[in-house]
Amino acid sequence: MTKHLLIVLLLLTSFLSAQELDIFGYFEPQYTVLNFKDNYYNISSNKLRVDIAKDLSDRVSFGANFDYITYHGKTEWDMLDYLPSHISAQVPAMIKPYFVFNFGDMVSNMGPMYVDRPDKIFLDNAYVRLAFDKFDLTIGKQQLPMGTGYTWNPTDIFNHKDILDPTYEQPGQNAIKLEMPLGDRFGLVSILAAGEEWKDTAKMLKLKSRLGHFDVSVMGTSRYWNITDYYSFQTVNYKRDLIGGDLVGELLGLGVWAEGAYNKVDNKSEIEIESIKGHWEWIAGVDYTFESGLYIMGEYYHNSMAKSDWQNYDLNDWMWMFSAEMKTLSRDQFSGLVQYPVTDLISAGLSTIYSISDGSAALVPIIVYSVFQDVELTVFGNYYTGENGRCYAQNMGNGGLARLRVYF
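For clarity, every value in this text was computed on a predicted model and none was experimentally measured.

Peer 1: What's the story with the overall build of the chain in this structure? I'm lost.
Peer 2: Assigned secondary structure in the chain consists of 3 helices and 20 strands. When the 408 residues of the chain are sorted by exposure, 45% land in the buried category. Pairs at least 24 residues apart make up 57% of the contacts formed inside the chain by residues separated by at least 6 positions. Accessible area for the chain stands at about 20500 Å²; split by element, carbon and sulfur atoms hold 58% of it. If the 33 positive side-chain charges of the chain are averaged to one point and the 50 negative ones to another, these points end up 4 Å apart.

What follows is the structure, encoded as structure tokens:
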């Protein structure tokens, strides 16, 4: 099947080239070493991304991209290995095989740094944008970035960030997006992302405005939220209604942003998960660039549904974080970044994710090197400081990642 899809991709690319489309993209080999339980594991991937775009007229534009990824090395992981020993010991033997996952079965913020199945070719985005007199309409699989937060986005119901690499591109979402200006200072954005039934369809309405030095928006969303109960491996369906907003701008020479939302949840299943309830999520951040080029950033995150005492973390809490069904394990966290241009071609930095609730942290040193024109090398490290059972515990393994990106 993969070979057939690759042939179709090559034929389509050749055809589109003849139509004078803009064709660009990148090739990205990536290599990871993970030190886990006194063993060193290798994980590597090769990613080819081909983007195509065409302005068909002043009112119609088209864009799409294909990704082809191969994976090598260790591709199977037992998530029980990442859990605190007192929790993994309580898992019945009969369901332990369900915790063994390959790439793509889970999105992991803590363990393997990949989110796709081995050897995968897929259409990541394909959309048409129509410009009418009163509004613009984008139809198809498209990027839906939400919110102003750097590491966390409380208003985002479409994407899942890797908190150790939050700026990496997000996959496209199948949706219809309407953008309508309302005078000089206001605008309206509406999104529909179809589910199997109308009740499953994600709906969003956002009002945007420019107020002084700030871009401000208020929004409401509604969708079904599927949560796994890892004690039984049953899916529990909740209706999730979100009301929130965000702002970004400048204050006293500092870049500032904030984002927050209240989530009302209504269980639509026969079984109940006691810890799932209505909750607040919000972030506040600030950044500044000195004349020397030194850049500093800090962002605070609060989730009222998460637990403040690490001794109360249970199996569901851990697995929800590993699977990105939740954004966090601990209630209060801080994200920081310091970056400095060492030379014209090299920048070095250090980011950290610190759990204020349990005192653990993840440290991520970063070096970005422009090797040649259109060739960029990024090297990450990751080191966890926490004791066993805390959010960023040392027993979850430390390692490093090298990512080369060649643009064309």
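And the narrative resumes.
Peer 1: What am I meant to see in the packing of aromatic side chains here?
Peer 2: Aromatic rings in a pair are described by how distant their centres are and how their planes are angled relative to each other. A complete count under the given rule lists 16 aromatic pairs for this structure. Summarising the aromatic geometry, the rings of Tyr-262 and Trp-280 are spaced 5.2 Å apart at their centres and angled 55° between planes, so their arrangement reads as tilted. Pair noted here: Tyr-262 is in strand β13 (residues 254–267) and Trp-280 is in strand β14 (residues 279–289), with a separation of 18 residues, a long-range link. On the basis of an interplanar angle of 45° and a centroid distance of 6.0 Å, the ring pair of Trp-318 and Phe-322 is categorised as tilted. Residue Trp-318 and its partner Phe-322 are both found in helix α3 (residues 315–322); the two are separated by 4 residues, about one turn of the helix. By way of ring pairs, the aromatic residues Phe-36, Tyr-41, Trp-77, Tyr-82, Tyr-313, Trp-318 and Phe-322 are connected into one cluster. Over the aromatic face of Trp-77 sits the side chain of Lys-74, whose NZ or CZ is 5.1 Å from the ring centroid.

Peer 1: Help me understand the pattern of salt bridges in this model?
Peer 2: Side chains that differ in sign of charge can pair as their charged atoms come close. According to the stated counting rule, one finds 17 salt bridges in the structure shown. A salt bridge links Asp-241 to Lys-239, with the shortest nitrogen-to-oxygen separation between them at 2.8 Å. Taking relative accessible area as the criterion, Asp-241 reaches 24% and is therefore assigned partly exposed. What makes Lys-239 partly exposed here is its relative accessible area of 26%. Put simply, Arg-390 and Glu-387 hold a salt bridge, and the shortest N to O gap is 3.8 Å. Judged by its relative accessible area of 54%, Glu-387 is exposed. Look at the salt bridges and you will find they share partners, linking Lys-47, Arg-49, Asp-51, Asp-67, Asp-124 and Glu-169 into a network.

Peer 1: Even after reading the chapter, I still don't get the pairing of strand β7 (residues 136–142), so can you show me in this structure?
Peer 2: Remember that side chains alternate between the two faces of the sheet whenever the strand is regular. Here 6 bridges tie strand β6 (residues 120–131) to β7, and the two strands are oriented antiparallel to one another. Looking at the pairing, Val-128 lines up with Ile-139 of β7. Hairpin remark: β6 followed by β7, antiparallel, with 4 residues in the connecting loop. Both β7 and strand β8 (residues 173–182) contribute to a ladder of 7 bridges, which runs antiparallel. Each residue of the ladder has a partner; that of Thr-138, found in β8, is Lys-177.

Peer 1: I tried to follow the environment of Leu-350 on my own but got confused; where do I start?
Peer 2: Inspection of the secondary structure puts Leu-350 in strand β17 (residues 346–355). A residue is classified by how much of its surface remains accessible, and Leu-350, at 43% relative accessible area, is partly exposed. As a C-alpha pair, Leu-350 and Ile-366 span 16 residues in sequence and 5.8 Å in three-dimensional space. Setting aside chain neighbours within four positions, we find Leu-350 in contact with Gly-336, Leu-337, Val-338, Val-364 and Pro-365.

Peer 1: Please explain the pairing of strand β15 (residues 295–303) as it appears in this structure.
Peer 2: Two elements, β14 and β15, share 9 bridges in a ladder whose sense is antiparallel. Looking at β15, one finds that Gly-285 is bridged to Glu-299. In this structure, the hairpin formed by β14 and β15 is closed by a connection of 5 residues, where Gly-293 is found at a positive phi of approximately 100°. By the bridge criterion, 8 bridges tie β15 to strand β16 (residues 332–341) in an arrangement that is antiparallel. If you follow His-302 over to β16, its bridge partner there is Asp-332.

Peer 1: So what exactly am I meant to see when it comes to the environment of Trp-77 here?
Peer 2: Here Trp-77 lies in strand β4 (residues 76–78). A residue is classified by how much of its surface remains accessible, and Trp-77, at 5% relative accessible area, is buried. Sequence separation between Trp-77 and Val-100 is 23 residues, and the spatial gap between their C-alpha atoms is 5.6 Å.

Peer 1: When you look at the nonpolar core in this model, what are you seeing that I'm missing?
Peer 2: Within soluble globular proteins, side chains that are nonpolar tend to cluster in buried spots. The biggest cluster of nonpolar side chains holds 51 residues, and the ones touching the most others in it are Ile-276, Trp-318, Met-319 and Phe-322. When near neighbours in sequence (up to four residues on either side) are disregarded, Ile-276 contacts Trp-225, Ile-227, Tyr-238, Val-265, Met-305, Trp-320 and Met-326. By size, the runner-up hydrophobic cluster in this structure holds 13 residues, among which are Phe-158, Ile-191, Met-219 and Leu-242.

What counts as what
- Residues numbered from 1 in each chain as written.
- Predicted model: local features only at pLDDT ≥ 70, side-chain atom pairs only at ≥ 80, totals over all residues.
- Heavy atoms only, no water.
- Helix = DSSP H or I, 4+ residues; strand = E, 2+ residues; numbered from the N terminus.
- Buried < 20%, exposed > 50% of the residue type's maximum accessible area, 1.4 Å probe, protein only.
- Contact = heavy atoms within 4.5 Å.
- Areas by Shrake-Rupley, 256 points an atom, 1.4 Å probe, with all protein chains shown as cover.
- Lys, Arg positive; Asp, Glu negative; His and termini not counted.
- Charge placed at Lys NZ, Arg CZ, Asp CG, Glu CD.
- Phe/Tyr/Trp six-rings, centres within 6.5 Å; stacked < 30°, edge-to-face > 60°.
- Lys NZ or Arg CZ within 6 Å of the ring centre and 35° of its normal.
- Salt bridge = Lys/Arg side-chain N within 4 Å of Asp/Glu carboxyl O.
- Pairing = 2+ DSSP bridges.
- Core = buried A, V, L, I, M, F, W, Y, C linked by side-chain atoms within 4.5 Å.

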